[in-house]
Amino acid sequence: MNRLVVPVGSHVTGQVTKIEAISAGKRTIAALDADFTPERKVEVSFNQLVLPDGRHFPLDTSVSPGSGQVIRFVAAAESKERKGVKDTASERTRQAKEQAKQEWDKAMKQLKTPGRMHRLKTIC
């Protein structure tokens, strides 16, 4: 599996390169759906990675649009010696519970966000 690994305490620098305007029609539809802050498409670029030890690395990023949801990065657990199958099963169970909780939270957040009636009408 490929993973992007950045040490804890690193800093990434960049800038917002474009913020898309919202048309009056989209703003009106959003307001009628009780959403007074409609989403704007934003483009960002990152140009430098600074590691905790002070080393600088230039970056050339290509940011693709996502789901609009916040992505949470977590530090990898420190490696520990596993005592056997029981510990492996416990770890996998814990991971499955965490994933289920995240999916539940995401579903609940979508139900509570503005514009849910509009999304429901477009689906049906």
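Rules and cut-offs
- Here, residues in each chain are numbered from 1, in the same order as that chain's written sequence.
- Since the coordinates come from a predicted model, pLDDT governs what is reported: local features require at least 70, and pairs of side-chain atoms require 80 or more to be given and counted, while whole-chain, interface and lining totals use all residues.
- Side-chain measures here rest on the full set of heavy atoms in the structure, leaving out hydrogens and waters.
- Runs of H or I in DSSP of at least four residues are treated as helices and runs of E of at least two as strands, each being numbered from the N terminus.
- Note on exposure labels: buried denotes an accessible area under 20% of the residue type's maximum, exposed denotes more than 50%, and partly exposed covers the range between, all computed with a 1.4 Å probe on protein chains only.
- Whether two residues are in contact is decided by their heavy atoms: any pair within 4.5 Å suffices.
- Only the protein chains shown count as cover for residues, with accessible areas throughout obtained via the Shrake-Rupley method and a probe of 1.4 Å.
- Two joining distances apply to patches: 9 Å for like charges and 5 Å for nonpolar side chains (Val, Leu, Ile, Met, Phe, Trp, Tyr), and every residue must have over 30% relative accessible area and no salt bridge.
- The salt bridge criterion pairs a side-chain nitrogen of Lys or Arg with a carboxyl oxygen of Asp or Glu, the two atoms within 4 Å.

**Q** Can you help me understand the overall build of the chain in this one?
**A** Across its full length, the chain holds three helices and three strands. Ordered by position from the N terminus, the helices and strands of the chain form the series β-α-β-β-α-α. In the chain, which comprises 124 residues, the proportion classed as buried is 9%. Sequence separation of at least 24 residues holds for 58% of the intrachain contacts in the chain that already meet a minimum separation of 6. Carbon and sulfur atoms make up 58% of the accessible area of the chain, which amounts to about 11,600 Å² in all.

**Q** Teacher, can you tell me more about a nonpolar patch on the surface here?
**A** A contiguous nonpolar surface patch, about 310 Å² in accessible area, is contributed by Val12, Phe46, Leu59 and Val63. Among the structural elements, Val63 can be located in the loop between strand 3 (56-58) and helix 2 (85-112).

**Q** Explanation requested: the pattern of salt bridges in the structure shown.
**A** A side chain of one charge can pair with a side chain of the opposite charge if their charged atoms are brought near each other. Here the structure, examined in full by the defined rule, presents three salt bridges. For the salt bridge of Asp53 with Arg55, the shortest nitrogen-to-oxygen distance reads 2.9 Å. Classification of Arg55 as partly exposed rests on a relative accessible area of 46%.

**Q** How should I be thinking about the environment of Thr17 in this particular structure?
**A** Tracing the chain through its elements places Thr17 in strand 1 (residues 11-19). For Thr17, a relative accessible area of 47% corresponds to the partly exposed category. In this structure the C-alpha to C-alpha distance between Thr17 and Val42, which are 25 residues apart in sequence, comes to 7.7 Å. With residues near it in sequence (within four places) discarded, Thr17 still touches Glu43, Val44 and Ser45.

**Q** What should I look at first to understand the environment of Val8 in this one?
**A** Among the structural elements, Val8 can be located in the segment before strand 1. For Val8, a relative accessible area of 70% corresponds to the exposed category. Measuring from C-alpha to C-alpha, the distance between Val8 and Pro52 comes to 7.6 Å, with 44 residues separating the pair along the chain.

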